Amino acid sequence: MKHVLLILLLPSISMAHLSISDKVDVWEAAVEPYVEICKTESGVNPLYPERMKFLEFPDEKNFRCYMKCLYENMEVMDDTGVIDIAKFASQLTHGNVDLAEECKGQVREETDLCELAYKLLLCTVHFDS
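Note that the structure is a prediction, hence the values are computed from the model and not measured.

**Details of the confidence of the model for the chain**
Step number 1: Summary statistics for the chain give a mean pLDDT of 85 and a share of 84% for residues scoring 70 or more.
Step number 2: Note on residues 1–15: pLDDT is under 50 here. Beyond four places in sequence and across chains, it has six contacts.

Encoded structure:
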């Protein structure tokens, strides 16, 4: 039983020790298939997604909708705003389910899906840095 628990915890432990630069690399690899689609769909300024690697997140409607598009394509969030905690944790909080639950709780009352996605991003970055 101890070996099973250790195997289940290894991804979380290894991700917890990643530098910010490594976390950015993991993020970029996860969103890469959707970046161009979401730039077009959201109408975001094409420079904004590039600034994310510097932890710059413009408080601008098109950027918020860009995040919504990414999360929906990554299947972290569905088109009604329901968040898949398992996918959210594995893709966005480096396996930290508690952080995923905390951030989900912080946005549970939000009805604007673009705003929900943006707040989810801010929560994740704030608590994971």
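**Describing the pattern of salt bridges**
Step number 1: The full count for this structure, using the stated rule, is eleven salt bridges.
Step number 2: Linking K53 and E50 is a salt bridge whose minimum nitrogen-to-oxygen distance equals 3.8 Å.
Step number 3: On the basis of relative accessibility, which here comes to 40%, the residue E50 falls in the partly exposed class.
Step number 4: Three or more residues joined by partner-sharing salt bridges are found here, namely E28, E50 and K53.

**Here's the deal with unusual backbone geometry**
Step number 1: One non-glycine residue, E75, lies in the positive phi region at around 65°.
Step number 2: Unusually for a residue other than glycine, H94 sits at a positive phi of about 55°.

**Remarks on the nonpolar core**
Step number 1: Counting 32 residues, the largest nonpolar core has W27, F63, Y66, M67, Y71 and F88 as its most contacted members.
Step number 2: Secondary-structure elements contributing two or more residues to this core are α2 (20–31), α3 (35–42), α5 (61–73), α6 (85–92), α7 (97–107) and α8 (113–128).
Step number 3: Considering each element in turn, this core owes the most residues, seven residues, to α8.
Step number 4: Among residues more than four places away in sequence, those in contact with Y71 are W27, V76, M77, L92, A117, L120 and L121.

**A short note on the packing of aromatic side chains**
Step number 1: Applying the stated criterion across every chain yields a total of four aromatic pairs.
Step number 2: Between Y48 and F63 the ring centres are 6.4 Å apart and the planes differ by 85°, which places this aromatic pair in the edge-to-face class. Of the two residues, Y48 is situated in helix α4 (residues 47–51) and F63 in helix α5; the sequence distance between them amounts to 15 residues.
Step number 3: For Y48, a relative accessible area of 25% puts it in the partly exposed group.
Step number 4: Note on F63: relative accessible area 0%, which makes it buried.

Basis of the calculations
Residues numbered from 1 in each chain as written. Predicted model: local features only at pLDDT ≥ 70, side-chain atom pairs only at ≥ 80, totals over all residues. Heavy atoms only, no water. pLDDT = per-residue confidence, 0-100. Contact = heavy atoms within 4.5 Å. Salt bridge = Lys/Arg side-chain N within 4 Å of Asp/Glu carboxyl O. Buried < 20%, exposed > 50% of the residue type's maximum accessible area, 1.4 Å probe, protein only. Core = buried A, V, L, I, M, F, W, Y, C linked by side-chain atoms within 4.5 Å. Helix = DSSP H or I, 4+ residues; strand = E, 2+ residues; numbered from the N terminus. Phe/Tyr/Trp six-rings, centres within 6.5 Å; stacked < 30°, edge-to-face > 60°.

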